[in-house]
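What follows is each chain in one-letter form.
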Amino acid sequence: MTSQEIRQKFLDYFKSKDHLIVPSAPIVLKDDPTLMFSNSGMTQFKDFFLGYKTPTAPRIADTQKCLRVSGKHNDLDDVGRDTYHHTMFEMLGNWSFGDYFKKDAIAFAWELLTEVFGIPKENLYVTIFEGDTSENLERDQDAYNFWKSHISEDRIINGNKKDNFWEMGESGPCGPCSEIHVDLRTEEEKAKVSGLDLVNNDHPQVVEVWNLVFMEFNRKADKSLEKLPQQHVDTGMGFERLCMALQGKSSNYDTDVFTPLIAKVEELSGKKYTGILEDEKDIAIRVVVDHIRAVAFAIADGQLPSNGGAGYVIRRILRRAISYSYRFLGVKEPFLYKLVAVLQEQMGPFFPEIEKQGKLVSEVIKSEEDSFLKTIENGLIRVEKLIQQTIADNSKVLPSEEVFELYDTYGFPDDLTRIIAEEKGLTIDEAGFKVEMEKQKLRSKADSAQKVYDWVTLETKPENFVGYDQIESETYITRYRKVENKDGEFYQVVLSSSPFYPEGGGQVGDKGILENAVESFEVLETKKENGLIISLINGLPKDAGAVFYAKVNATDRKNSQANHSVTHLLHEALREVLGTHVEQKGSYVGPDYLRFDFSHFNKMTEEELALVEEKVNHKIKESIALQEFRSIPIQEALDKGAMALFGEKYGDNVRMIQFGSSKELCGGTHVKNTIEIGHFKITSEGSAAAGIRRIEAISGDKSEEYFKNLENQIHELSQLLKSKDVVRSIEKLIEENTSLKSEVEALKKEKAKGEIGEWKNAYEQKGNKQLLVKKTSLDAGSVKDIVFQLKREIPSSVTIILSDADGKPMITVGVSDDLAADYQAGAIVKDLAKEIQGGGGGNPGFATAGGKNLDGLENAYQKALNI
């Protein structure tokens with residue numbers, strides 16, 4: 001059975017059991033403050049489990065892309081070292097939301113594995129939760145009784161809280177779980193050691209294949225457990241492990257999930273994969289084929305590599321793959337991007353995003369490869385200097401601070417530094433390096449540390465967002481919780497009627513005031529979490545149950561929604577001018593400006609930018625009224641021509657925003673008419689990443705300010721130039737300046753000619769060599785020309801010029817070619833530069849150094865005389 005057939009059989013089976021089959025949600029989570037990536041199949045259904053949203057159907061099944069590389073679930077360091085850990089993996093799952101529970105979940109799993117997939121029953125073991133006295137949790141006797149009807153009792157194993165009590169995170173839905181393990185060993189191995197002794201003991205051929213979670217509790221922030229209103233089922237089966245079991249392999253990498261990728265790596269690298277666990281070459285190939293999947297799908301879902309947040313995680317994964325291929329496969333040029341085509345062929349039928357976004361994904365990966373390979377080359381030079389300095393200091397250990405700086409500041413892999421050092425008979429200060437890493441983690445943790453308390457519920461009133469229609473409303477606090485972070489103590493509140501727009505879709509969250517006749521609080525930010533609109537305020541009301549009045553900052557909201565509406569017009573204009581390949585790839589919409597990222601492979605010309613601006617402003621002047629379809633079926637919206645963005649998760653019902661021919665699915669706030677936008681002005685256009693361009697722009701009040709400032713600047717220039725024709729006056733100044741520069745250059749050359757003659761006669765004979773040490777006020781360019789001429793014309797010479805031009809100390813050293821082997825210009829200038837608190841460098845024949853201490857030139861002069 002191929003992997004494609006296995007995936008389809010799973011979905012078909014649960015469809016036959018009345019499950020709604022839904023597509024995989026994006027791997028990148030854009031509006032969830034608790035998670036960067038989808039790390040389990042249940043992530044997209046969190047709101048259903050928490051009761052914040054009504055499930056689309058009582059029974060659902062899917063295959064979900066997951067990524068485990070950060071936080072509690074982090075498998076990155078294990079990838080490549082064993083046969084079954086991955087960064088990105090597929091999680092096959094079925095869910096019941098208050099419908100069936102343990103009995104049916106167990107029956108479905110057993111029937112699918114043994115009858116549909118044909119896994120021998122004697123190869124299967126199951127675990128159940130043994131209970132935990134510290135939390136008054138009893139043994140899961142129900143699961144035990146249901147399993148007894150399918151499998152012999154000696155194959156049902158008690159599991160502890162770590163293995164058999166599943167929790168979403170520090171808080172949230174949780175419950176006992178029942179794992180199904182498969183024994184893939186040979187009959188000879190099974191005869192020697194029972195599989196019972198190997199379950200949950202990290203044996204590579206006795207692995208967990210499916211986890212059935214019975215959600216019946218909610219873990220509160222104070223760590224206590226409370227019963228959920230309904231009982232739910234959440235199952236997750238590792239697709240790659242299932243393929244290993246069904247295809248009779250002993251490694252996930254031997255299945256057809258990975259073999260096409262491995263074959264392509266072999267072709268591109270010239271290295272043969274043998275599957276040996278300890279072989280560094282094979283580890284590298286496993287790392288490459290695993291990581292390319294994670295990176296490619298993250299980019300396809302809208303997450304570009306960057307230096308922060310989720311983007312940094314993706315960049316780190318990609319750089320790990322590049323580092324392994326560079327070191328162990330000998331690949332010194334970009335090649336990972338060529339694997340994307342294999343992924344498209346393998347996974348495109350089930351995951352259309354990799355098919356549609358393939359070109360962009362390839363371009364971004366290639367650009368990152370180019371950049372990091374240059375980082376490696378530059379890092380090699382730095383490592384060599386560090387090694388030479390360590391040897392010069394009579395040490396055998398590279399200092400931890402410098403090794404960490406290479407890693408942290410320059411992105412150079414620490415293990416590559418370690419390998420190079422070992423080749424030179426050196427080591428790195430491992431203990432010190434670990435200390436530096438720990439310091440960094442503590443700094444990062446301190447910056448993001450936040451303690452969140454449990455909700456205190458006050459009202460049972462409905463919690464509604466009214467911000468589309470009004471920016472002020474009478475309201476109640478329905479629940480609140482305390483939050484402590486590095487800035488102090490705050491409170492998050494949920495309102496019965498909230499006019500505050502929560503951050504999302506690129507638009508910033510609203511700020512404002514929450515007040516009544518007695519007290520007033522500043523609303524510092526508004527976000528959405530698990531379906532709740534949460535506003536952060538700077539204190540706790542004396543009477544939290546009182547009536548309040550919520551007021552949005554009207555000016556900021558007006559400007560933000562003008563910028564949001566104009567991004568829709570901009571998107572349409574870009575597609576008209578550049579082509580329909582243009583798609584939004586990210587945005588920021590705030591009160592001061594907007595940022596719009598879009599797919600396009602060339603820098604926009606001035607003509608294209610002007611035409612886009614013209615089209616947008618034409619639409620603004622047309623006074624196009626907003627047409628808002630607040631809640632319509634997604635298919636109806638798509639049929640109307642609405643644009644749906646890759647990487648976004650849409651529900652069954654969506655909101656469509658239309659301004660004339662511009663139609664987009666959007667949850668943000670917007671102007672009622674385009675005329676409210678005022679005027680649109682592009683302030684910059686540049687590259688955000690390979691294949692991604694970025695426009696920054698302004699509208700409304702900020703656009704007015706922009707043109708007012710320009711008007712004031714032109715007025716000031718007119719006053720300074722004493723002319724109304726500012727352009728002609730500046731042209732005249734440029735002409736005069738060019739002429740004067742030519743005269744100055746001519747004078748410099750004349751002065752330099754005079755200096756050359758004088759300096760030639762000033763060399764001091766030192767044995768069979770000649771030394772010139774001279775002070776001057778000539779500029780750096782003139783000094784360079786003279787030194788090059790002198791080192792050519794004066795044999796066996798060292799020339800040292802100390803300049804104070806423009807009040808800045810500069811030292812220039814020239815060594816004639818016949819002395820370059822004995823006297824290094826770079827070494828001389830480095831020594832002299834200490835006197836002026838500076839540094840520099842060059843080659844053996846010519847070097848320069850600048851500094852901060854002008855008075856130090858005299859010391860440098862005296863020191864130079866003694867060379």
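Calculation criteria
- Residues numbered from 1 in each chain as written.
- Predicted model: local features only at pLDDT ≥ 70, side-chain atom pairs only at ≥ 80, totals over all residues.
- Heavy atoms only, no water.
- Pairing = 2+ DSSP bridges.
- Helix = DSSP H or I, 4+ residues; strand = E, 2+ residues; numbered from the N terminus.
- Axes fitted to C-alpha atoms, helices over the stretch in contact; angles between N-to-C directions.
- Contact = heavy atoms within 4.5 Å.
- Buried < 20%, exposed > 50% of the residue type's maximum accessible area, 1.4 Å probe, protein only.

## A closer look at the sheet that holds strand 33 (residues 769-776)
In spatial order, the strands read 32-33-34-35-37-36; together these 6 strands make up an open sheet with mixed pairing. Sheet topology places strand 32 (764-766) and strand 36 (839-843) at the edges, where each strand pairs with a single neighbour. Geometrically, the sheet is characterised by an average inter-axis angle of 15° between neighbouring strands, direction not taken into account. Relative to strand 33, strand 32 runs antiparallel, the two being bridged by 3 bridges. The residue bridging Gln-765 from the neighbouring strand is Gln-770, located in strand 33. Across the sheet, helix 24 (residues 857-865) touches strand 32, strand 33, strand 34 (797-803) and strand 35 (810-815), and the angle it forms with strand 33 is around 170°.

## Considering unusual backbone geometry
Of note, Asn-200 is a non-glycine position whose phi angle comes to about 60°, a positive value. Structurally, Asn-200 is set in the loop between helix 6 (187-192) and strand 10 (206-219). Overall, the relative accessible area of 30% leaves Asn-200 in the partly exposed class. One non-glycine residue with positive phi stands out, namely Ser-623, at about 55°. Secondary-structure assignment places Ser-623 in the loop between helix 18 (606-621) and strand 27 (627-633). When its relative accessible area of 34% is taken as the criterion, Ser-623 is described as partly exposed.

## Here's the deal with the pairing of strand 19 (residues 488-495)
Strand residues, when the strand is regular, have side chains that alternate between the two faces of the sheet. Here strand 19 lies mainly inside the structure; 6 of its 8 residues are buried. Across 8 bridges, the pairing between strand 18 (residues 477-485) and strand 19 is antiparallel. Each bridged residue has a counterpart across the sheet, and for Lys-482 the counterpart in strand 19 is Tyr-491. Once strand 18 ends, the chain turns through 2 residues before running back antiparallel as strand 19. One ladder, built from 3 bridges, connects strand 19 with strand 23 (residues 532-537); its direction is antiparallel. Residue Gln-492 lies in a different strand from strand 23, and its bridge partner there is Leu-536.

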